[in-house]
Amino acid sequence: MDKNTRNKEKRLFIQIKNSNSLFIERFNELLSSKIDSWNDRDKEYILSCALLFLNYYNQNPCYKNYFRIGYYIILKYSILFKDYKPLYDISLQIGFYPISDYILKHGIIQVDSLSEELINKSISEHYLYNNSYVETFEQ
């Protein structure tokens, strides 16, 4: 990442920090695991923010920190709320197949649709290495 890209990314983070107190508040609560008072709207809000970060990264892959924050939010959310569907979905989308495979093999979530069943079958056929582990998309 060149210096100009780093500076632009830093300015965007500062802008988010200075302009969105609700995000900062919810993000800090998520970081410190202080989510006892969260309702469904708070959960929906933080997951929406994660998707916005991931979407911004998709528009410009130079901004790797946006990916890291978006993925971290989803990971932390899933662990704290024991709701692994968002983690499963995003893992399938970004090619983190070992994570989605682990979630399914351990019965953490159930497959809801035929399309998910077909996706998982395809992953097993194409990314299962030597019947011992599942590779990521990049491998």
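Counting starts from 1 at the beginning of each chain's written sequence and moves along it residue by residue. Under the rules for a predicted model, residues below a pLDDT of 70 receive no local features and side-chain atom pairs below 80 are neither given nor counted, while totals for whole chains, interfaces and linings still include all residues. With hydrogens and water excluded, all non-hydrogen atoms of the structure serve as input to the side-chain values.

Novice: How would you explain the environment of F81 if you had to name every residue and give the values?
Specialist: Here a helix means four or more residues in a row that DSSP labels H or I, a strand means two or more in a row labelled E, and each is numbered from the N terminus. With respect to the helices and strands, F81 occurs in helix α4 (residues 64-81). When a residue's accessible area, from a 1.4 Å probe over protein chains only, is under 20% of the maximum for its type it is buried; when over 50% it is exposed; and in between it is partly exposed. Given the relative accessible area of 19%, F81 is considered buried. A sequence separation of 48 residues divides F81 from S33, and the C-alpha atoms of the two residues are 10.0 Å apart. Throughout, a contact is declared for two residues whenever any of their heavy atoms are within 4.5 Å. When residues no more than four places from it in sequence are discounted, the contact partners of F81 are I35, W38 and K43.

Novice: With reference to specific residues and values, describe the environment of Y71.
Specialist: The residue Y71 is located in helix α4 in this model. What makes Y71 buried here is its relative accessible area of 11%. Not counting chain neighbours up to four residues away, the residues in contact with Y71 comprise L54, L87, I90, S91, I94, F96 and I99.

Novice: I'd like a description of the packing of aromatic side chains, backed by residues and values.
Specialist: Pairing of aromatic side chains requires ring centres within 6.5 Å, counting the rings of Phe and Tyr and the six-membered ring of Trp. Pairs whose planes differ by under 30 degrees are stacked, by over 60 edge-to-face, and all others tilted. This structure, assessed with the given rule, holds 12 aromatic pairs. Measuring from ring centre to ring centre gives 6.3 Å for F67 and F96, while their planes differ by 80°; the resulting arrangement is edge-to-face. Placement of the pair is F67 in helix α4 and F96 in the loop between α5 (85-94) and α6 (97-105), with a sequence separation of 29 residues. With centroids separated by 4.9 Å and ring planes inclined at 40°, the aromatic side chains of Y77 and F81 adopt a geometry described as tilted. Taken together, the residues span about one helical turn, with Y77 and F81 both in helix α4 at a distance of four residues.

Novice: Please provide a residue-by-residue account of the layout of surface pockets, values included.
Specialist: Remark: the empty space left among the atoms is shown by a probe the size of a water molecule rolled over them. Taken as a whole, the second largest pocket spans an internal volume of roughly 240 Å³. Elements with a contribution of two residues or more to the lining of the second largest pocket: α1 (3-19) and α3 (40-59). Residues are sorted three ways: Asp, Glu, Lys and Arg are charged, Ala, Val, Leu, Ile, Met, Phe, Trp, Tyr, Cys and Pro are nonpolar, and all the rest, Gly among them, are polar. Classifying every residue of the lining of the second largest pocket gives eight nonpolar, three polar and no charged. In the cavity and pocket records, a cavity denotes points on a 1 Å grid over the protein atoms alone where a 1.4 Å probe fits but cannot get out, a pocket denotes an open set with protein on both sides within 12 Å along at least 5 of 7 lines, and lining residues are residues with an atom within 4 Å of a point. Grid points are joined across faces, edges and corners, and a volume is the space filled by probe spheres set on the points.

Novice: An account of the confidence of the model for the chain is needed here, citing residue identities and associated values.
Specialist: How sure the predictor is of each residue is captured by pLDDT, a score from 0 to 100. With 80% of its residues at a pLDDT of 70 or more, the chain has an overall mean of 82. Confidence, read as mean pLDDT per element, is least for strand β2 (residues 133-134) in the chain (46) and greatest for α4 (95). Below pLDDT 50 for its whole length, residues 133-139 participates in 19 contacts with residues either more than four positions away or in separate chains.

Novice: Tell me about the packing of helix α2 (residues 21-31) against α4, and name the residues and values.
Specialist: At a minimum axis separation of 10 Å, α2 and α4 run at an interaxial angle of 55°. Our classification of the angle between α2 and α4 gives oblique. As for how α2 packs across α4, the hand of that crossing is left-handed. Contacts between α2 and α4 involve F23, F27, L30 and L31 on the former and, on the latter, I69, Y72, I73, K76, Y77 and L80. Classifying every residue of the contact of α2 with α4 gives nine nonpolar, no polar and one charged. Here an angle of 0 to 180 degrees is reported between the N-to-C directions of two axes, which are lines fitted to C-alpha atoms, with helices fitted over the stretch in contact. With respect to orientation, any angle under 35 degrees is reported as roughly parallel, any angle over 145 as roughly antiparallel, any angle of 65 to 115 as roughly perpendicular, and every other angle as oblique. Handedness of each helix crossing follows the sense of rotation of the near helix against the far helix: counterclockwise by less than a right angle gives left-handed, clockwise gives right-handed.

Novice: Could you give an account of the packing of α5 against α6, naming the residues involved and the relevant values?
Specialist: Axis separation between α5 and α6 bottoms out at 7 Å; the angle between their running directions is 140°. Crossing hand, α5 versus α6: left-handed. Along its contact with α5, which presents L87, Y88, S91 and L92, the element α6 presents Y97, I99, S100, I103 and L104.

Novice: Talk me through the pattern of salt bridges; I want residue IDs and the actual numbers.
Specialist: Side chains that differ in charge, positive against negative, can pair when their charged atoms come close. Should a side-chain nitrogen of Lys or Arg be within 4 Å of a carboxyl oxygen of Asp or Glu, the pair is scored as a salt bridge. What the rule picks out here adds up to five salt bridges. With its nearest N and O atoms 3.3 Å apart, the salt bridge here joins D89 to K85. Residue D89 and its partner K85 are located together in helix α5, separated by four residues, close to a single helical turn. On the accessibility criterion, K85 (22% relative accessible area) is partly exposed. Between K105 and D101 there is a salt bridge, with its nearest N and O atoms 3.3 Å apart. Of this pair, K105 and D101 both sit in helix α6, separated by four residues, roughly a single helical turn.

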